[in-house]
Amino acid sequence: MPEPLVYHGTPPALLPLYGKALLPKKKHSGDSIVIPELSARLVGVATATDKLRKYQQVCGFASHHHVPVTWPHILAFPLHLKLLTDDRFPLPLLGLVHLRNTITQHRPIGHGETLDLNVALGNTTKSSRGVEFDLITQAHSAGQLIWEEASTTLFRQASGNGQSGGGKPPRELERFPDTLNLKAPESIGRQYARVSGDSNPIHMHALSARAFGFPRAIAHGMWTKAHALALLERQPGWKSGALSVSCQFKKPLFLPGTAQLNWRSGPSGWDYQVLNGKGDAPHLTGRIDWL
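A brief look at the structure comes next.

Analysis parameters
Residues numbered from 1 in each chain as written. Predicted model: local features only at pLDDT ≥ 70, side-chain atom pairs only at ≥ 80, totals over all residues. Heavy atoms only, no water. Buried < 20%, exposed > 50% of the residue type's maximum accessible area, 1.4 Å probe, protein only. Helix = DSSP H or I, 4+ residues; strand = E, 2+ residues; numbered from the N terminus. Pairing = 2+ DSSP bridges. Phe/Tyr/Trp six-rings, centres within 6.5 Å; stacked < 30°, edge-to-face > 60°. Axes fitted to C-alpha atoms, helices over the stretch in contact; angles between N-to-C directions.

## Remarks on the pairing of strand 5 (residues 130–141)
Burial runs high along strand 5: 10 of the 12 residues are buried. Where strand 4 (residues 114–127) meets strand 5, 10 bridges bridge the pair, whose relative direction is antiparallel. Its bridge partner lying in strand 5, V119 is registered against T137. In terms of strand pairing, strand 5 meets strand 6 (residues 144–156) through 12 bridges, oriented antiparallel. Residue S141 lies in a different strand from strand 6, and its bridge partner there is Q144. In this structure, the hairpin formed by strand 5 and strand 6 is closed by a connection of two residues, where A142 is found at a positive phi of approximately 50°.

## Structural notes on the packing of aromatic side chains
Inspection of every chain in the model, using the stated rule, returns seven aromatic pairs. Pairing Y55 with Y192 gives two aromatic rings, centres 6.4 Å apart and planes at 50°, and the pair type is tilted. Placement of Y55 in helix 2 (residues 52–59) and of Y192 in helix 4 (residues 188–196) is noted, with a sequence separation of 137 residues between them. Looking at Y192, the relative accessible area reads 2%, which means it is buried. Geometrically, the ring pair formed by W270 and W290 is edge-to-face, given 5.8 Å between the ring centres and 85° between the ring planes. You can see W270 sitting in strand 10 (residues 269–276) and its partner W290 sitting in strand 11 (residues 282–290), a full 20 residues away along the chain. Classification of W270 as buried rests on a relative accessible area of 2%. Judged by relative accessible area, which is 13%, W290 ranks as buried.

## Remarks on the sheet that holds strand 3 (residues 97–105)
If you trace the 11 strands from one edge of the open sheet to the other, you get 1-2-4-5-6-3-8-11-10-9-7, paired in mixed fashion. Where the open sheet ends on each side, the last strands, each with one partner, are strand 1 (5–8) and strand 7 (178–184). Between one strand axis and the next, the sheet turns by 15° as a mean value, whatever way the strands run. Direction of pairing for strand 3 relative to strand 8 (residues 243–249): antiparallel, over a ladder of six bridges. In the strand pairing of strand 8, R100 is matched with Q248.

Printed below as a string of structure tokens:
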């Protein structure tokens, strides 16, 4: 395994990394793609940055003594981008598809706490859809693991018969008893990009999204997840301690758009989903388990 890239206090700058993201990559066949075991570390990053308050506002989180459960993902994003634009990483950044995200918070992270972040590429699998891999992130405080995340990403490739893999047919949509309406304004992609650093053109403007085959800009998946959690944590029965929150990203949420947050609460965990405005198709489905 290559030696990890190490940063102290300050993450790598994003602008040069986005410049590298535009450079062409050598084309590989499915059998020749190997995801290297790259890793990076950011030592001594403060959780209470200038962007935290703005992030809470953009995603709808209330102000607490602890940071939102999704905030370390934002702190680690420059490390994610550093690995995905590394010369040894064989895939083009633009066009990668975020499939799933699972966050485990072993305890709430205090506002102003200092963390050490570790990011690595791993869990590569090949299927009829293409190549999947995980961005694995861990956050330590005083040497103790307190937060971890696995973000699964797909590089699409045609299967051997020239067709992209279809997988299993979708399950019939189940409706849960509790529902809230939510709005995703046209500007939310740009707002989220300013606080997260994630400036993928499919989220920014309709014009740039059309260059990648979308009729309009689409909401960031991690904004949709964060906004859903921000609304759920205001509901009766929410527990703010240790938890695991997972989701699968489904149909794009086009901007501007309306959606429904639909959930079912229980003593050990909650099922939740973000549905389209009609409530008959999912943008995101997930589960929260109290640990």
